[in-house]
Amino acid sequence: MDDIKILKGNIIYTKTKDEFEICEHGYLVCKDGKVEGIYQTLPFRLGGEPIEDHGDCLIIPGMTDLHIHAPQYTFRGTGMDLELLEWLETNTFPEEAKYKDVLYANEAYAKFAKNLKHSSTTRACVFGTIHRRSTLVLMDHLERSGLVTMVGKVNMDRNSPDELREGTQESAEETVEWMKDVQHKKYKNTLPILTPRFIPSCTDELLDMLKMVQMRYQIPVQSHLSENLSEIEWVKELCPYAEFYGDAYDHFGLFGADAPTVMAHCVYSTEEEIQRMKENGVYVVHCPESNENLSSGIAPVKRYLEEGLSVGLGSDVAGGSTENLFRAMAHAIQMSKMRWRLVDQKYPALKSEEAFYMATKGGGSFFGKVGSFEEGYEFDAVVLDDSRLESSRQMSVKDRLERMIYLADEREVKAKYVRGNKII
């Protein structure tokens, strides 16, 4: 017997980056965890099925956060007066070292998973720490949340504090043991992703070993790329053989092609790096608030979209201050205006349609047919009640969504579905 769910409300989503698809007071039908269709009038064959009527609420696809650091959630919103490398040494590394303690990790990750569950996010790529057991604790919490996530045990064997630096062989072996643990747990919604922190923290020998792990288990890859000018110069010193930052990853087969890859930031990607990302199908994760807070720069995200790269959004907590992807969309639009005004007039500012596309279908596609209400897509849906945002104006569905980009948070989330399962 088919599992049918029907939601009624103001349905809004994107098929492309250029325009919204809107069905006011329509019916969104889920069949066996997939989108079956959208109807202005419900077909006769579905007349006997129960309807979840959300009145004047908006119904949008679930959002995908392609870059978030779970262990940094504890200090979000603090320590924002430093640039990237100093910020890592002063704030991030001392906090991540605490996750050697599984009890500390359990308490911190429980709060992280609870808050992510109640946000507009339904999918996420998540960094853990170097600690295998604590990363499994993180995965356990996310599995119980009902969200679909990719989670990584971080690899670091150089240029980090003693308490966060693994031996090269140890790092690779611990990653293999972690993969065995993951396979044994048989998670339904929580997947492993290979996570070398970034080139400065991983030796060539380790990256070579991690490629073997990637090939053995056929898992995707996540890391950082061209975020900060000092970082890029450091990579040039560490990897003189590399033509550009991304080439250092590609040298070891960890840059797309046969290893699906998400790379966060790409603020200063060169022409050669952009071309390689296009050729290899690397996903760009735009993290605008983090790039502001750490004084990194303004990524040319409009260009990436225009040139057909795969682009999603990342909150990048705790470089970003919140897991709220509405705020990430607003920052993306605002920063693109600053780039157009101050840096490069060739590419105009982002539109709300483009920011929403990145938060839903753009990033969701890394998980497959995710982030849209097109037929056959996985049924990830968020019902938004914007009655808290009072106004005397009559507003269209599009205007209401744009307003929520700037003003909404978890208080607007009335209901939430992931793969057809209601989790809120």
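Because the structure is predicted, anything quoted here is derived from the model rather than measured.

Some words on the packing of helix H3 (residues 132–145) against helix H4 (residues 168–185)
Working step 1: Relative orientation of the contacting elements H3 and H4 amounts to 30 degrees, with a least axis distance of 10 Å. On the basis of their axis angle, the class for H3 and H4 is roughly parallel. For H3 against H4, the interelement crossing comes out right-handed. Seen from H3, the contacting residues are Arg132, Thr135, Leu136, Met139 and Asp140; seen from H4, they are Glu174, Glu177, Trp178, Asp181, Val182 and Lys185.
Working step 2: Looking at the contact of H3 with H4 residue by residue, the classes come out as four nonpolar, one polar and six charged.

Things to note about the sheet that holds strand E4 (residues 51–61)
Working step 1: The sheet built from seven strands is open, its strands ordered E3-E2-E1-E4-E15-E16-E17 with mixed pairing. Each edge of the sheet is formed by a strand with only one pairing partner; in this case those strands are strand E3 (34–39) and strand E17 (421–422).
Working step 2: Two strands pair when backbone bridges link them, and strand E2 (residues 19–31) and E3 are joined in this way by five bridges, in the antiparallel orientation. Bridging across to E3, Val29 finds its partner in Gly37.
Working step 3: Its contacts with the sheet put helix H13 (residues 397–407) on strand E1 (4–16), E2, E4 and strand E15 (381–384), and the angle it makes with E4 is roughly 60 degrees.

A look at a nonpolar patch on the surface
Working step 1: Taken together, the side chains of Met338, Leu342 and Val343 present a nonpolar region at the surface, about 300 Å² in accessible area.
Working step 2: For Met338, a relative accessible area of 39% corresponds to the partly exposed category.

Notes on the UniProt feature "domain: Amidohydrolase-related" (unreviewed entry) in the protein
Working step 1: Using the residue numbers shown here, the UniProt feature "domain: Amidohydrolase-related" (unreviewed entry) corresponds to residues 59–421.
Working step 2: What you have in residues 59–421 is 43% helix and 16% strand, and the ends, taken at the C-alpha atoms, are 15 Å apart.

What about the nonpolar core?
Working step 1: If you look at the biggest cluster of nonpolar residues, it comprises 116 residues, and the most contacted ones within it are Ile60, Phe112, Val126, Met277, Met329 and Phe366.
Working step 2: If you count residues domain by domain, this core takes at least three from each of domain 1 (4–61 + 372–422) and domain 2 (63–367).
Working step 3: If sequence neighbours within four positions are ignored, Phe112 has contacts with Ile68, Ala70, Tyr73, Val126, Leu138 and Leu142.

Digging into the side chain of Lys211
Working step 1: Its place among the elements puts Lys211 in helix H5 (residues 204–217).
Working step 2: Looking at Lys211, the relative accessible area reads 7%, which means it is buried.
Working step 3: Setting aside chain neighbours within four positions, we find Lys211 in contact with Phe252, Gly253, Leu254, Asp258 and Ala259.

Points about the packing of aromatic side chains
Working step 1: Within the structure shown, the criterion is met by 13 aromatic pairs.
Working step 2: When the centroid spacing of 5.9 Å and the interplanar angle of 50 degrees are considered together, the rings of Phe75 and Trp87 count as tilted. A residue pair is termed long-range when its members are at least 10 positions apart, and Phe75 in the loop between strand E5 (63–69) and helix H1 (84–97) and Trp87 in helix H1 qualify at twelve residues. Across the pair, Trp87 and Phe75 agree in class, each one buried.

Cut-offs used in this document
Residues numbered from 1 in each chain as written. Predicted model: local features only at pLDDT ≥ 70, side-chain atom pairs only at ≥ 80, totals over all residues. Heavy atoms only, no water. Axes fitted to C-alpha atoms, helices over the stretch in contact; angles between N-to-C directions. Helix = DSSP H or I, 4+ residues; strand = E, 2+ residues; numbered from the N terminus. Parallel < 35°, antiparallel > 145°, perpendicular 65-115°, else oblique. Left-handed = near helix turned anticlockwise from the far one by under 90°. Contact = heavy atoms within 4.5 Å. Nonpolar A, V, L, I, M, F, W, Y, C, P; charged D, E, K, R; others polar. Pairing = 2+ DSSP bridges. Patch = residues over 30% accessible without salt bridge, like charges linked within 9 Å, V, L, I, M, F, W, Y side chains within 5 Å. Areas by Shrake-Rupley, 256 points an atom, 1.4 Å probe, with all protein chains shown as cover. Salt bridge = Lys/Arg side-chain N within 4 Å of Asp/Glu carboxyl O. Buried < 20%, exposed > 50% of the residue type's maximum accessible area, 1.4 Å probe, protein only. UniProt positions renumbered as here; feature names shortened; annotations may be inferred. Core = buried A, V, L, I, M, F, W, Y, C linked by side-chain atoms within 4.5 Å. Domains from an automatic or database assignment. Phe/Tyr/Trp six-rings, centres within 6.5 Å; stacked < 30°, edge-to-face > 60°.

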